[in-house]
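An overview of the molecular structure
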Amino acid sequence: MMRSIKPINIFAAISLVIGLAACGGPDVSKDGDEVSIETEKGSMKVSETLKPEQMPFGFAVLPGATSKGVMSTKNEDGESQIVTLETDKSMEDTAEFYKKEAEAKGFKIESETSVDNGKMIIGKSDRGEDISFVISKETSDAATQILIMGGKNKK
């Protein structure tokens, strides 16, 4: 049985990165709740607050959903975004919303998997972009968790 995805604990990740940075190495900066890390190999930004431009490939935020965490990375191989949202909408309505969004943005749905408490949708575009949606709900009265992962390799 699939276990539900818990929202990313952004502050624990930020604390760990800041602690490691204090030992020397990457440049770390903070702006509000966003922490940026720059190294010679690439960059990473982590925050709890979602800005619309942080959604992978310009996808819309499901109306009424709230942000639980955002992470984006860039390096010589490509870039990726991970967004965690929470909503009171059903898994089915949430999955249908993002499936339609993906198809409208030129993604071909390659895989759809459903189990009692979760759904996964995976798509790929002709532009070499990958998108995945993991939608889960631990109990019938729990909020629906949405994990959106988008990425594009340069190679």
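Here the structure is a predicted model, which is why all the values come from computation and not from measurement.

1. Comments concerning the pairing of strand E7 (residues 118-125)
Of the strand pairs in this sheet, strand E6 (residues 107-115) and E7 are connected by 8 bridges, and their pairing is antiparallel. Following the sheet pairing, Lys-108 is matched in E7 by Lys-124. Where E6 hands over to E7, the hairpin turn is made up of 2 residues, counted between the paired strands. In this structure, E7 lies alongside strand E8 (residues 129-136), joined through 7 bridges in antiparallel fashion. Bridging from a neighbouring strand, Ile-121 pairs with Phe-133 of E8.

2. Section: the sheet that holds strand E9 (residues 144-153)
The 9 strands are arranged E1-E2-E3-E4-E5-E9-E8-E7-E6 in an open sheet whose pairing can be described as antiparallel. The sheet terminates laterally at strand E1 (27-31) and E6, the two strands that pair on one side only. Averaged over all adjacent pairs, the angle separating strand axes in this sheet is 10°, with direction ignored. In this sheet, E9 lies alongside strand E5 (residues 78-87) in antiparallel orientation, the contact comprising 10 bridges. Paired with Gly-78 across the two strands is Asn-153, which belongs to E9.

Definitions and cut-offs
- Residues numbered from 1 in each chain as written.
- Predicted model: local features only at pLDDT ≥ 70, side-chain atom pairs only at ≥ 80, totals over all residues.
- Heavy atoms only, no water.
- Pairing = 2+ DSSP bridges.
- Helix = DSSP H or I, 4+ residues; strand = E, 2+ residues; numbered from the N terminus.
- Axes fitted to C-alpha atoms, helices over the stretch in contact; angles between N-to-C directions.

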